[in-house]
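Below are the chains, spelled out letter by letter.
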Amino acid sequence: MEGRYEEAFEPIQNYLACIDTLSNEAARAYYQLSLLYKQKGDRENEERELIRSVIADEHSAVRQNRSLRLLAQLLYEQGDIKRAYRYIQVSSVDANFYNTRLRNSQVAEALPIIERDYQLERDRQERRLRIGILLISVLFVIILLFALYIRRKRRQLSVARRELIRQNEDLNQMNEEMREKNEELFRLADELQESDQIKEKYVGYFLQLCSVYIQKIGEYRKTVNRKIRTGQIDDLYRMTASTQALQTETKEFYKKFDEAFLHIFPNFVADFNNLLREDQRFDLKKEELLNTELRIFALIRLGIKDSSQIAEFLSYNPVTIYSYRTKVKSKAINKGSFDKNIMEIRRKV
């Protein structure tokens, strides 16, 4: 009371050293220390001593407390309204229980202020809570709408992906068909080019052969005319009745054909034999270029596949040509693709 605050610390601390720190006496001593720290403006130590005083009051079951009310006011000033309100409520209950006018009036002064600010803080928290709930609800709706939008887009993307896959498969199929068509076109173009070159070579050969035969027919006509003029009818009859000249010319014709064909397809005989079983392959005589069977399939390789045309060319019966073809085909390693393999024998490049 005299204002000698520094001197007041020592007797109180000496007193606390001699008593139970959780007794009612200690609670009073801690309360006095908090007042000294308050006079010094040391709020931290003031709060600490008030807390010790409240703990001692609670431990000693004393409800006529001042420390809890002052602690509530101190917390209120620090802005901790929630704890201040809880402590002032306990202090009010204790004052009512003890039923003293002084304590009731002291609590009554602080309680409305703290209660009002607590209510305001509570209202602010509730508003923030409502705003937070509203914001969360709005965000939830936005997220839900966004999720529905993403789901819809995923479905659209899935449909588009399936359509793209289908179109890609169709495109791959079309590309494959185009590739096959291109290969077929290249093959046909190659065959056409080969056919044109074969025809070109054969035209040259047979124009030359026709020229030779025209000359021979001219010489033959001169011989016939001369014998008729000189009356050598018997010699003329013997000359025209003999088939030797015709046979000679036929053999010469086939020889010319064989030479022309093998000039274009020099490996024909070897390639053809490779299509046959080893024990059924053709072994030509030294002077032979092609035999009858090989000559038939040479014509087939040139594109003449009709047996009647082949028979007319080789002076055979169509049935005979068919028999030759069937017999040779029976010797093939692969009978199913024999005709195709014949057409795949390549010419000289």
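Residues numbered from 1 in each chain as written. Predicted model: local features only at pLDDT ≥ 70, side-chain atom pairs only at ≥ 80, totals over all residues. Heavy atoms only, no water.

Asker: Tell me what's going on with the overall build of the protein chain, and back it up with residues and numbers.
Answerer: Along the backbone of the protein chain there are 13 helices and 0 strands. The order of α-helices and β-strands along the protein chain, N terminus first, is α-α-α-α-α-α-α-α-α-α-α-α-α. For the protein chain, with 349 residues in total, the buried portion stands at 28%. Sequence separation of at least 24 residues holds for 59% of the intrachain contacts in the protein chain that already meet a minimum separation of 6. (Helix = DSSP H or I, 4+ residues; strand = E, 2+ residues; numbered from the N terminus. Buried < 20%, exposed > 50% of the residue type's maximum accessible area, 1.4 Å probe, protein only. Contact = heavy atoms within 4.5 Å.)

Asker: How would you summarise the packing of aromatic side chains if you had to cite specific residues and measurements?
Answerer: Enumeration according to the criterion identifies 11 aromatic pairs in this entry. Between Phe 297 and Phe 338, the ring centres sit 5.7 Å apart and the planes meet at 80°, which makes this aromatic pair edge-to-face. Here Phe 338 lies in helix H13 (residues 338–343) and Phe 297 lies in helix H10 (residues 292–301), a separation of 41 residues in the sequence. Accessibility assignment for this pair places Phe 297 and Phe 338 in one class, buried. (Phe/Tyr/Trp six-rings, centres within 6.5 Å; stacked < 30°, edge-to-face > 60°.)

Asker: Before we move on, can you summarise the packing of H10 against helix H11 (residues 307–314) with the specific residues and values?
Answerer: Where H10 meets H11, the closest approach of the two axes is 11 Å, and the angle between their N-to-C directions is 125°. One finds that H10 runs oblique with respect to H11. Relative to H11, the crossing made by H10 is right-handed. Residues Arg 295, Ile 296, Leu 299 and Ile 300 of H10 form the contact with H11, whose own contacting residues are Ile 310, Phe 313 and Leu 314. Looking at the contact of H10 with H11, its residues break down into 6 nonpolar, no polar and 1 charged. (Axes fitted to C-alpha atoms, helices over the stretch in contact; angles between N-to-C directions. Parallel < 35°, antiparallel > 145°, perpendicular 65-115°, else oblique. Left-handed = near helix turned anticlockwise from the far one by under 90°. Nonpolar A, V, L, I, M, F, W, Y, C, P; charged D, E, K, R; others polar.)

Asker: Can you break down the nonpolar core residue by residue, with the values?
Answerer: In this structure, Phe 268, Phe 272, Leu 290, Phe 297, Phe 338 and Ile 342 are the most contacted members of the largest nonpolar core, which totals 29 residues. At the level of secondary structure, the elements contributing two or more residues to this core comprise helix H8 (244–264), helix H9 (268–274), H10, H11, helix H12 (318–329) and H13. For Phe 272, the contacting residues outside a window of four places in its chain are Phe 282, Leu 294, Phe 297, Val 328, Phe 338, Ile 342 and Ile 345. Residues Leu 50, Leu 68, Leu 70 and Ile 88 belong to the second largest nonpolar core, which totals 12 residues. (Core = buried A, V, L, I, M, F, W, Y, C linked by side-chain atoms within 4.5 Å.)

Asker: Before we move on, can you summarise unusual backbone geometry with the specific residues and values?
Answerer: Positive phi, normally seen in glycine, also occurs at Ser 315, with a value near 60°. The exposure class assigned to Ser 315 is exposed, which follows from its relative accessible area of 62%.

Asker: Describe in detail helix H1 (residues 5–18), supporting the description with residues and values.
Answerer: Look at H1: 21 Å from first C-alpha to last across 14 residues, which is about the 20 Å you get at 1.5 Å a residue. What H1 keeps buried is the set Phe 9, Ile 12 and Leu 16. Here the buried residues of H1 occupy an arc of 85° about the axis, which is enough to place them on one side. In this structure, H1 carries Glu 7, Glu 10, Ala 17 and Cys 18 as exposed residues pointing more than 90 degrees from its buried face. Tucked into the core, H1 has its buried residues touching helix H2 (24–40). (Expected span 1.5 Å × (residues − 1). Arc of directions from axis to C-beta.)

Asker: Account for the pattern of salt bridges, with residues named and values stated.
Answerer: In this structure the tally under the stated criterion is 12 salt bridges. Two residues, Asp 258 and Arg 295, come together in a salt bridge whose shortest N-O distance is 2.8 Å. One end of the pair, Asp 258, is in helix H8; the other, Arg 295, is in helix H10, with 37 residues separating them in the sequence. Comparing Asp 258 with Arg 295 shows no difference in burial state: the two are buried. (Salt bridge = Lys/Arg side-chain N within 4 Å of Asp/Glu carboxyl O.)

Asker: Please set out the confidence of the model for the protein chain residue by residue, giving values where relevant.
Answerer: Here the protein chain averages 78 in pLDDT, while 76% of its residues score no lower than 70. Within the protein chain, H12 carries the highest mean pLDDT (89), whereas helix H7 (residues 233–241) carries the lowest (68). (pLDDT = per-residue confidence, 0-100.)

Asker: Before we move on, could you go through the side chain of Arg 295 and cite the residues and values that matter?
Answerer: Judged by its relative accessible area of 10%, Arg 295 falls in the buried class. Setting aside chain neighbours within four positions, we find Arg 295 in contact with Tyr 254, Phe 257, Asp 258, Leu 290 and Leu 314.

Asker: Would you mind going over the environment of Phe 272 in detail, with residue names and values included?
Answerer: Here Phe 272 shows up in helix H9. Taking the C-alpha atoms as reference points, Phe 272 and Leu 294, 22 residues apart in sequence, are found 8.3 Å from one another.

Asker: Hey, could you go over helix H3 (residues 43–59) for me, with residue numbers and the actual values?
Answerer: The end-to-end C-alpha distance of H3 is 24 Å, a good match for the 24 Å that 17 residues give at a rise of 1.5 Å each. Of all the residues in H3, the buried ones are Asn 45, Glu 46, Glu 47, Glu 49, Leu 50, Ser 53, Val 54, Ala 56 and Asp 57. In the core, the buried residues of H3 are packed alongside H2 and helix H4 (67–78). Positive phi shows up at Ala 61, right after H3, with a value of about 60°.

Asker: Describe the environment of Asp 258, listing the residues and the values that go with them.
Answerer: The exposure class of Asp 258 is buried, given its relative accessible area of 3%. Through-space distance from the C-alpha of Asp 258 to that of Arg 295 is 7.6 Å; in sequence the pair is 37 residues apart.

Asker: Describe a nonpolar patch on the surface, with residues and values.
Answerer: Together, Leu 134, Val 138, Leu 139, Ile 142 and Ile 143 make up a nonpolar patch on the protein surface, roughly 480 Å² of accessible area in all. The residue Val 138 is located in helix H6 (residues 101–229) in this model. (Patch = residues over 30% accessible without salt bridge, like charges linked within 9 Å, V, L, I, M, F, W, Y side chains within 5 Å. Areas by Shrake-Rupley, 256 points an atom, 1.4 Å probe, with all protein chains shown as cover.)

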